Amino acid sequence: MDIIVLKKSITAKELRHIVKKLEGKGFRANVSKGTERTVIGVIGDTSKITEDEANAFATMPGVDKIHRIIQPFRLASRDFKSNDTVIRIGKTAIGGKKIPVIAGPCAVENLPALLDIAKEVKKAGATFIRGGAFKPRTSPYTFQGLGEEGLEILAEVRKKTGLPVVTEIMDPRDIDVILKYADVIQVGARNMQNFRLLQEVGSHDKPIVLKRGLSATIKELLMAAEYIMAQGNNKVILCERGIRTFETATRNTLDLNAVPVLKRLSHLPVIVDPSHGAGQWKLVAPMSKAAIAAGADGLMIEVHTNPEEALSDGEQSLKPVKFRALMKELKAVAKAVGREI
Ligand code: PEP
Ligand code: MN
């Protein structure tokens, strides 16, 4: 039910007009006259009222403001589905008691390097290999990724290690080639509001990691998830990866508030990427621990055997030895909050 708060100065005629308008749309109006305020409780399936319609009501004569009880995101909301969504991918799941870790380099560089990294992260307990074949780089002159060759390398590494593959899509035109190789498709921060891309990945049933945009609010992230779900794909994993703030000491500001806020508003699993969130490898361990303590359902961590030589994001990549040590520490944190790694 939505609530329309009326102005003190509302006339009887204006009130009748609002009630008639609501009834015309198939709702019942429960007018409640208080000593301070008169409000209308709108009875019926108000989830069908679009934001535009609600805004039109808000500007009608006699209306002070509108409280929407139903969130503008529907399929993604807890109101729609109260129990946590668990997304199963091969032998692992995201959203359950066990916390999966997605690890690997920023970009796929070559087969031997990726295989090395994959073996290391698997031994340490990671359950997914990540690596971009299509890279959204700030400069067009830096390494853009290997394209389909990178996807083939990922598939080869999956064959050798059994680790399912998480890789990024940047362009709806690449959907067929990505579907051929990926187990989970990543929509990166820069494309969080690429609505055509969201609709494209929404019309297939591959799980999607949806990363929060650089300047996106939590509501905008959930509306982006809604775009995917509205096409029929409910397998959306939300990812907090840091946002732009005035702070320059770190690459981004990792918004760990987003974890419990998203878990309250939505039934979808929420993972955290402390590598992009902080931008410095030394901060990855503390922020990973904090993410799990805050209730994250998974982590995405960049790992590289030779970060100094990495073709992208070396400065925020952990060496395997550090990743292994972190995974051990994370077990204790997970246990403390009733989870497992
Ligand atoms: C990445 O995962 O390598 C990446 C580019 O992430 P983001 O979209 O969060 O910047
Ligand atoms: Mn990266």
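Here, every reference points to the structure presented above.
Predicted model, so just to flag it, every value in this text is computed and none were measured. (Residues numbered from 1 in each chain as written. Chains lettered and ligands numbered in written order. Predicted model: local features only at pLDDT ≥ 70, side-chain atom pairs only at ≥ 80, totals over all residues. Heavy atoms only, no water.)

Participant: For the pairing of strand 9 (residues 165–169), give the residues involved together with the corresponding values.
Facilitator: Most of strand 9 is tucked away: five of the five residues are buried. Sheet topology places strand 8 (residues 128–130) next to strand 9; two bridges connect them, and they run parallel. In the strand pairing of strand 9, Arg130 is matched with Val166. With respect to chirality, the unit in which strand 8 leads through helix 4 (residues 148–161) into the neighbouring parallel strand 9 is right-handed. Bridge count between strand 9 and strand 10 (residues 184–187): four bridges; the pairing is parallel. When the sheet's bridge partners are listed, Thr167 is paired in strand 10 with Ile185. (Buried < 20%, exposed > 50% of the residue type's maximum accessible area, 1.4 Å probe, protein only. Helix = DSSP H or I, 4+ residues; strand = E, 2+ residues; numbered from the N terminus. Pairing = 2+ DSSP bridges. Right-handed = clockwise from strand over helix to strand, strands pointing away.)

Participant: Tell me about the nonpolar core, and please be specific about residues and values.
Facilitator: Buried together is how nonpolar side chains tend to be arranged in soluble globular proteins. Counting residues in each nonpolar core, the largest one holds 71 residues, and the members touching the most others are Val121, Leu210, Leu238, Ile301 and Phe323. The leading source of residues in this core is helix 7 (residues 218–230), at seven residues. In contact with Val121, other than residues within four places in its own chain, are Ala103, Ala126, Ile129, Leu163, Val303 and Phe323. (Core = buried A, V, L, I, M, F, W, Y, C linked by side-chain atoms within 4.5 Å. Contact = heavy atoms within 4.5 Å.)

Participant: Before we move on, can you summarise empty space enclosed by the protein with the specific residues and values?
Facilitator: Summed over the entire model, instances satisfying the criterion amount to two cavities of 30 Å³ or more. Considering only enclosed or pocket space, the largest cavity measures out at about 50 Å³ in volume. Asp2, Ile4, Leu22, Val42, Ile49, Ala54, Phe57, Ile66 and Arg68 are the residues that line the largest cavity. Only strand 1 (2–6) and helix 2 (51–58) provide two or more residues apiece to the lining of the largest cavity. Here the lining of the largest cavity is composed, by residue class, of seven nonpolar, no polar and two charged. Taken as a whole, the second largest cavity encloses approximately 30 Å³ of empty space. Residue lining of the second largest cavity: Pro105, Ala107, Val108, Glu109, Asn110, Ala113, Leu114, Ile117 and His304, and that is the complete set. Looking at side-chain class alone, the lining of the second largest cavity contains six nonpolar, two polar and one charged residues. (1 Å grid on protein atoms, 1.4 Å probe; cavity = no way out; pocket = protein on both sides within 12 Å on 5 of 7 lines; lining within 4 Å. Points joined across faces, edges and corners; volume = space filled by probe spheres on them. Nonpolar A, V, L, I, M, F, W, Y, C, P; charged D, E, K, R; others polar.)

Remember, this is a structural readout, not a statement about activity or role.
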